[in-house]
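# Results of the structural survey
Single-letter residue listing:
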Amino acid sequence: MAKEGAQRAEETEQMIEKEGGKEAGEGSAAGSLRAADTKEMRAVVLSAFGGLNKLRVSKKAMPEPQDGELKIRVKACGLNFIDLMVRQGNIDNPPKTPLIPGFECSGIVEALGDSVKGFEIGDRVMAFINYSAWAEVVCTPVEFVYKIPDDMSFSEAAAFPMNFVTAYMMLFEVANLREGMSVLVHSAGGGVGQAVAQLCSTVPNVTVFGTASSFKHEAIKDSVTHLFDRNADYVQEVKRISADGVDIVLDCLCGENTGKGLSLLKPLGTYILYGSSNMVTGETKSFFSFAKSWWQVEKVNPIKLYEENKVIAGFSLLNLLFKQNRGGLIKGVMDKLLDLYNSKKIKPVVDSLWALEEVKEAMQRIHDRGNIGKLILDVEKTPTPLMANDSTETSEAGEEEEDHEGDNENKERMPFIQ
């Protein structure tokens, strides 16, 4: 891997030298055209909030690094459930469309902005991006960029930041996981769920209860102590094994699971909400689903928390990074996680690789809760022809297609495991 990084650094420098030569000879029309071509890139573009038809791979202007930023030639991008909620506009204060989605990627440093230190052209890196990760080239502040270990692949690196930082922060920074404690994690087969299970295994005698779709059980049964079907009465199953309940509940579902999670907490236990996937019940945003999930949420009484000695908390990594300016804190967590990776105690679980043009199918797999581990958009992967047809920019009509407000059958046509 180190040799690969050095070779890629040399290729990058040669490319930059070549581009410099082109710019110097811009007198001819052909030279000008070639120079213009190099400033475009492929990117997944969300034209408007809504269904999968709002996503399309298009040519966009290539960004250039500003002061304190790195320019990264992207190799792989992480796909997370929050990306589905962004697509629907099912988040607080969503940005204006059109936009390029995505919050994490891995790749090779191609250029350095002014005042950047600690990195060189050709470095293999992974990074958090405040949107715009699903593209061939990204620029992001240096504080959100981390070097990749020599034996970590680009796909593993794209699967690492969001999942493992989220899991680590919740377990160790918020809930103070210690020897002998117990944890309940929902969606145990997903990227965060698998990261939680691995991190719990680094602490002696931690019991992990997990819920997941039954078809995933065989694949993930060894990663948790007790595994339950997500549709079963897991509260009774947990109490049958541990009458007092658990020390930590990690909830990415919300809705009725909030009350169930609080009921399972031992005294001094911590419930952490870090997602609300139960609000996503169709391809497009549904007010009915949102309202139903909201009204199922346990109405928390502070006096009851006081009497029962329970803690309720929330965690949003993206808000911590991009709104609350805690990049330095996350840098320290990443250092600890990379030490664990280098000592072979943790390893990202990659479910599957998808071309940019296959982003719709990749999102459908997450919608269906079909993934075990992380889905990755591989920028260099050749798309399967049948998949690519509907995701590439083939016509203006396709770009402008809108959902009809009264077409409920169309809005709820996708199958989902609840």
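Residues numbered from 1 in each chain as written. Predicted model: local features only at pLDDT ≥ 70, side-chain atom pairs only at ≥ 80, totals over all residues. Heavy atoms only, no water.

Rules: UniProt positions are given in the numbering used here, feature names are shortened, and annotations may be inferred rather than shown by experiment.
In its Sequence similarities (unreviewed entry) section, UniProt records this for the protein: "Belongs to the zinc-containing alcohol dehydrogenase family. Quinone oxidoreductase subfamily."

## Some thoughts on the packing of helix 3 (residues 81-88) against helix 14 (residues 359-367)
What counts here: The angle between two axes is taken between their N-to-C directions and runs from 0 to 180 degrees, where each axis is a line fitted to C-alpha atoms and a helix contributes only its stretch in contact. Working definition: helices are DSSP H or I runs of at least four residues, strands are E runs of at least two. Numbering for both runs from the N terminus. An angle below 35 degrees is treated as roughly parallel, one above 145 as roughly antiparallel, one from 65 to 115 as roughly perpendicular, and anything else as oblique. Handedness of a helix crossing follows the sense of rotation of the near helix relative to the far helix, less than a right angle counterclockwise being left-handed and clockwise being right-handed. Here a residue-residue contact requires only that any non-hydrogen atoms of the pair lie within 4.5 Å. Following the grouping adopted for this structure description, the nonpolar residues are Ala, Val, Leu, Ile, Met, Phe, Trp, Tyr, Cys and Pro, the charged ones are Asp, Glu, Lys and Arg, and the polar ones are all others, Gly among them.
Relative to each other, helix 3 and helix 14 sit at 110 degrees, their axes nearing to 10 Å. It follows that helix 3 is roughly perpendicular to helix 14 by the angle criterion. In this structure, helix 3 crosses over helix 14, and the sense of that crossing is left-handed. Taken together, the residues of helix 14 that come into contact with helix 3 (itself represented by Phe81, Asp83, Leu84, Arg87 and Gln88) are Met363, Ile366 and His367. Per-class residue counts for the contact of helix 3 with helix 14 are 4 nonpolar, 2 polar and 2 charged.

## Things to note about the sheet that holds strand 10 (residues 226-229)
The criterion, for reference: Two strands qualify as a pair provided that DSSP identifies no fewer than 2 bridges between them.
Read from one edge of the open sheet, 6 strands run 10-9-8-11-12-13, paired in parallel fashion. Two strands close off the open sheet at either side, each with one partner strand: strand 10 and strand 13 (311-314). Here the average twist between neighbouring strands, direction ignored, is 15 degrees. In this structure, strand 12 (residues 265-273) lies alongside strand 13, joined through 4 bridges in parallel fashion. Across the sheet, the residue bridging to tyrosine 271 is isoleucine 312, located in strand 13. Most of the contacts of helix 6 (residues 191-200) go to strand 8 (residues 182-185), to which it runs at about 170 degrees, and overall it touches strand 8, strand 9 (207-212) and strand 11 (246-251).

## Details of the pattern of salt bridges
Stated precisely, the cut-off is as follows: The rule for a salt bridge is simple: a side-chain nitrogen of Lys or Arg has to be within 4 Å of a carboxyl oxygen of Asp or Glu.
For the coordinates displayed, the defined rule picks out 17 salt bridges. One salt bridge in this structure joins glutamate 380 and lysine 75, with 2.5 Å as the shortest N-O distance. Taken together, the residues glutamate 380 in the loop between strand 15 (374-378) and helix 15 (385-388) and lysine 75 in strand 3 (residues 69-79) connect sequence positions 305 residues apart. Note that aspartate 351 and arginine 365 form a salt bridge whose closest N and O atoms lie 2.8 Å from each other. Of this pair, aspartate 351 sits in strand 14 (residues 350-354) while arginine 365 is found in helix 14, placing the two residues 14 residues apart along the sequence. By sharing partners, the salt bridges in this structure join Glu64, Lys71, Arg73 and Glu110 into a single network.

## Observations regarding the packing of aromatic side chains
Two numbers describe a pair of aromatic rings. These are the distance of the centres and the angle of the planes. This is how it is decided: Stacked, tilted and edge-to-face are the three classes assigned to paired rings of Phe, Tyr and Trp, where Trp is represented by its six-membered ring and a pair needs centres within 6.5 Å; plane angles under 30 degrees give stacked, over 60 edge-to-face, the rest tilted. The buried label goes to any residue with under 20% of its type's maximum accessible area, the exposed label to any with over 50%, and the partly exposed label to all in between, with areas taken from a 1.4 Å probe on protein chains only. Either the NZ atom of lysine or the CZ atom of arginine qualifies as a charge over a ring when it sits within 6 Å of the ring centre and within 35 degrees of the ring normal.
Counting across every chain of the model gives 7 aromatic pairs. With a centroid separation of 5.0 Å and 25 degrees between ring planes, the pair formed by phenylalanine 160 and phenylalanine 164 is classed as stacked. Here phenylalanine 160 falls in the buried class, since its relative accessible area comes to 0%. When the ring of phenylalanine 160 is compared with that of tyrosine 341, the centres are 6.3 Å apart and the planes differ by 85 degrees; the resulting orientation is edge-to-face. Placement of the pair is phenylalanine 160 in the loop between helix 4 (154-158) and helix 5 (161-174) and tyrosine 341 in helix 13 (residues 327-342), with a sequence separation of 181 residues. Look at tyrosine 341 and you get buried, because its relative accessible area is 6%. One aromatic cluster in this structure is built from Phe160, Phe164 and Tyr341. Its end group placed over the ring of phenylalanine 154, arginine 124 keeps NZ or CZ at 4.7 Å from the ring centre.

## What about the nonpolar core?
Worth spelling out the cut-off: Only buried residues count toward a nonpolar core. Its members are Ala, Val, Leu, Ile, Met, Phe, Trp, Tyr and Cys residues joined through side-chain atoms within 4.5 Å.
Core analysis: the largest hydrophobic core is formed by 98 residues, its most contacted members being Phe128, Trp134, Phe160, Leu250, Ile330 and Leu337. The dominant element in this core, judged by the number of residues it contributes, is helix 5, at 8 residues. Aside from chain neighbours lying at most four places away, what touches isoleucine 330 is Phe128, Tyr146, Val165, Met169, Leu317, Leu320 and Leu321.

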